[in-house]
Amino acid sequence: MKALVYHGAGKKAWEEKPMPVIQKPTDAVVRILKTTICGTDLHIMKGDLPEVTDGRIIGHEGVGIVEETGNAVSNFKKGDHVIISCVTSCGKCENCKKGMYSHCADGGWILGYMIDGTQAEYVRIPHADNSLYPIPAGADEEALVMLSDILPTGFECGVLNGQVKPGDVIAIVGAGPVGMAALLTSQFYTPAEIIVIDQDDNRLEVAKTFSATHTINSSKENATEKVMSLTNGKGVDAAIEAVGLAATFELCEEIVTAGGHIANIGVHGKSVTLHMETLWSRNITITTRLVDTVTTPMLYKTVLSKKIEPKQLITHHFRLDQVIEAYDTFGNAAKEKALKVILTA
Ligand SMILES: NC(=O)c1ccc[n+]([C@@H]2O[C@H](COP(=O)([O-])OP(=O)(O)OC[C@H]3O[C@@H](n4cnc5c(N)ncnc54)[C@H](O)[C@@H]3O)[C@@H](O)[C@H]2O)c1
Ligand SMILES: [Zn+2]
Ligand SMILES: [Zn+2]
């Protein structure tokens, strides 16, 4: 089969790899129908996650058809259409029982990271019973690709951890697909104001169409001053970091109001300064989280009922064998006006 293979920072190739096989009775092999590229894949390609080894197939999102199952898999059979969760979980260990699938003793985020991933014609999914979600044949599979990662990520790490409440003033720093997922799902809780901050005017325009009340281009204006002027000098109840840079996390430290929440989503490759000299007295809460994907079944219902329409995040379509071109487009998002790209096998 063909797959997108990482060969060290800055190096990747679409090349021949052996077909994945069932290694444990709890595994399934899935034939990929649709997959996509995540901001985290860009971090991997930059070399921010050096634990990813040469030869790894990247990708942790997608929908597909079950090709083969191990004899301990009981929820799925050959031919079933499934959403692949970016997080692999056994459902049985101590952390899984707490709903913290991201730290499953025999899983967590491993797909396209510690084991081969979904930017391929086929993928092996360990603990298939708990790591796949069934979808009826004929469902809108492109919309459902957004359930593998970005929707639960924006919602769990951003909105739930940020404790967004009715009437809140919130800021989302980063208008990539993950920030946009936080923007869409924050509206379950009817915040009064949603300020979206990015450096990409196109993405900020898109954020407005998704009901952002204010947008700030932080490369053109001082984002801290602008947020303070929009909030009568108070700052925001929840500052959601969806970039993964020191500068954007520190911006969240500057704009969070007394008693507010900083909810980090971004994958950070470098250290960040925690300004305790100003924050020690501010009664704030800082959260970090690797997405657990425990809310995927709930989010699935909101997508089916069109309460949220994540399909609107899709800007580009490619064939799976055009994945290198798709990386160029997603990696030059501002120039290409790209948000989510869909790769179809
Ligand atoms: N915690 C988790 O479980 C988890 C899961 C998925 C993704 N992530 C992370 O979430 C982040 C966002 O993912 P994405 O797919 O939306 O990525 P992305 O790269 O598409 O989006 C990042 C956005 O940040 C903006 N940006 C860059 N530098 C900026 C700056 N200095 N100021 C303001 N904006 C800036 C970019 O213009 C872009 O729109 C990434 O760090 C990704 O690794 C985390
Ligand atoms: Zn991801
Ligand atoms: Zn587990």
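Located above this text is the structure these notes cover.
The structure contained in this document is the topic of the report that follows. Numbering of residues starts from 1 in each chain and follows the order in which that chain's sequence is written. Chains and ligands are labelled sequentially in the order written, the chains with letters from A and the ligands with numbers from 1. For this predicted model, a pLDDT threshold of at least 70 governs which residues receive local features, and a threshold of 80 or more governs which side-chain atom pairs are given and counted, while totals over whole chains, interfaces and linings are taken from all residues. To get the side-chain values, all heavy atoms of the structure are used, and hydrogens and water are removed first.

### Focus: the overall build of the protein
Here comes step 1: Each helix is a run of H or I in the DSSP string that is no shorter than four residues. Each strand is a run of E no shorter than two, and both are numbered from the N terminus. Counting its secondary structure elements, the protein contains 13 helices and 16 strands.
Here comes step 2: To get the radius of gyration, use the C-alpha atoms; to get the globule rule, take the number of residues to the power 0.38 and multiply by 2.2 Å. Since a compact globule built from 345 residues should have a radius of gyration of about 20 Å, the 20 Å found for the protein is in line with a globular shape.
Here comes step 3: Taking the principal axes of its C-alpha atoms as reference, the protein extends roughly 60 × 40 × 35 Å.
Here comes step 4: Burial classes follow relative accessibility: with a 1.4 Å probe on protein chains only, a residue under 20% of its type's maximum area counts as buried, one over 50% as exposed, and anything between as partly exposed. Expressed as a percentage of its 345 residues, the buried residues of the protein come to 57%.
Here comes step 5: Contact definition: two residues touch when any of their heavy atoms are within 4.5 Å. Residue pairs at least 24 apart in sequence account for 69% of intrachain contacts in the protein once pairs closer than 6 positions are excluded.
Here comes step 6: With the model as given, the accessible surface of the protein reaches about 14300 Å², and the carbon-plus-sulfur share is 51%.
Here comes step 7: As used throughout, the charge tally considers Lys and Arg to be positive and Asp and Glu to be negative, leaving His and the chain termini uncounted. The location of each charge is read from NZ of Lys, CZ of Arg, CG of Asp or CD of Glu. Of the charged side chains in the protein, 32 are positive and 41 negative; the average position of the first set lies 3 Å away from that of the second. Here the open area of atoms and residues is found with the Shrake-Rupley method and a 1.4 Å probe, where only the protein chains shown may cover a residue.

### A closer look at the coordination of the zinc ion (ligand 3)
Here comes step 1: Metal donors: N, O and S atoms at distances within 2.8 Å, or within 3.2 Å for Na, K and Ca, with water omitted from the atom set so that some sites may seem incomplete. Coordination of the zinc ion (ligand 3) by the protein is provided by Cys90 (SG), Cys93 (SG), Cys96 (SG) and Cys104 (SG), with metal-donor distances spanning 2.3 to 2.4 Å.
Here comes step 2: Under this scheme a four-donor centre is tetrahedral when all angles range from 85 to 135 degrees, a four-donor centre is square planar and a six-donor centre octahedral when opposite donors are above 155 degrees with the rest from 65 to 115, and any other centre is irregular. Geometry at the zinc ion (ligand 3) is tetrahedral, judged from its 4 donor atoms and the angles of 103 to 118 degrees they form at the metal.

### A short note on the site of ligand 1
Here comes step 1: Here a residue is near a molecule or strand as soon as one of its heavy atoms is found within 4 Å of it. Surrounding ligand 1, one finds 26 residues, the nearest of these being Thr40, Asp198, Arg203, Val243 and Ile265.
Here comes step 2: One of the side-chain nitrogen or oxygen atoms of Asp198 is found 2.6 Å away from an oxygen atom of ligand 1.
Here comes step 3: Polar contacts, as used here, are pairs of N or O atoms within 3.5 Å; protein pairs need one atom able to donate a hydrogen and one able to accept it. Residues neighboring in sequence count only if both atoms are side-chain atoms. At 3.5 Å, a side-chain N or O of Ser218 approaches a nitrogen atom of ligand 1.
Here comes step 4: Of all elements in the fold, only helix H1 (39-46) and helix H6 (177-186) reach the threshold of two or more residues within the shell around ligand 1.
Here comes step 5: Residues are sorted three ways: Asp, Glu, Lys and Arg are charged, Ala, Val, Leu, Ile, Met, Phe, Trp, Tyr, Cys and Pro are nonpolar, and all the rest, Gly among them, are polar. Considering only residue class, the shell around ligand 1 consists of 12 nonpolar, 10 polar and 4 charged.

### Points about the side chain of Glu241
Here comes step 1: Within the secondary structure layout, Glu241 lies in strand E12 (residues 236-241).
Here comes step 2: Notably, Glu241 is buried but unbridged: the nearest opposite-charge side chain belongs to Lys46, and the N-O separation is 11 Å.
Here comes step 3: Beyond its immediate sequence surroundings of up to four residues, Glu241 is in contact with Val173, Thr248, Phe249, Cys252, Ala263, Asn264, Ile265, Gly266 and His268. When a carboxyl oxygen of Asp or Glu is within 4 Å of a side-chain nitrogen of Lys or Arg, the pair counts as a salt bridge.

### Here's the deal with the pattern of salt bridges
Here comes step 1: In this structure the tally under the stated criterion is 17 salt bridges.
Here comes step 2: Close ionic contact of Asp140 with Lys311 constitutes a salt bridge, the shortest N to O distance being 3.1 Å. Within this pair, whereas Asp140 is found in the loop between strand E8 (132-134) and helix H4 (141-145), its partner Lys311 is found in the loop between helix H11 (296-304) and strand E15 (314-319), the two being separated by 171 residues in sequence.
Here comes step 3: The class for Asp140 is partly exposed, based on a relative accessible area of 36%.
Here comes step 4: When salt bridges that share partners are traced, they join Glu156, Arg289 and Asp292 into one network.

### So, the packing of aromatic side chains
Here a ring pair, both rings aromatic, is described through the centre-centre distance and the interplanar angle of the planes.
Here comes step 1: A pair of Phe, Tyr and Trp rings is counted when the ring centres sit within 6.5 Å of each other, with Trp represented by its six-membered ring. The angle between the planes then sorts it: under 30 degrees is stacked, over 60 is edge-to-face, the rest tilted. The final tally for this structure, using the stated rule, is 3 aromatic pairs.
Here comes step 2: Ring plane angle 80 degrees and centroid distance 5.6 Å describe the contact between Phe155 and Phe188, whose orientation is recorded as edge-to-face. Of this pair, Phe155 sits in helix H5 (residues 150-160) while Phe188 is found in the loop between H6 and strand E10 (193-198), placing the two residues 33 residues apart along the sequence.
Here comes step 3: An aromatic cluster is built from Phe155, Phe188 and Tyr189, whose rings are joined through pairwise contacts.

Read these as spatial facts, not as claims about activity.
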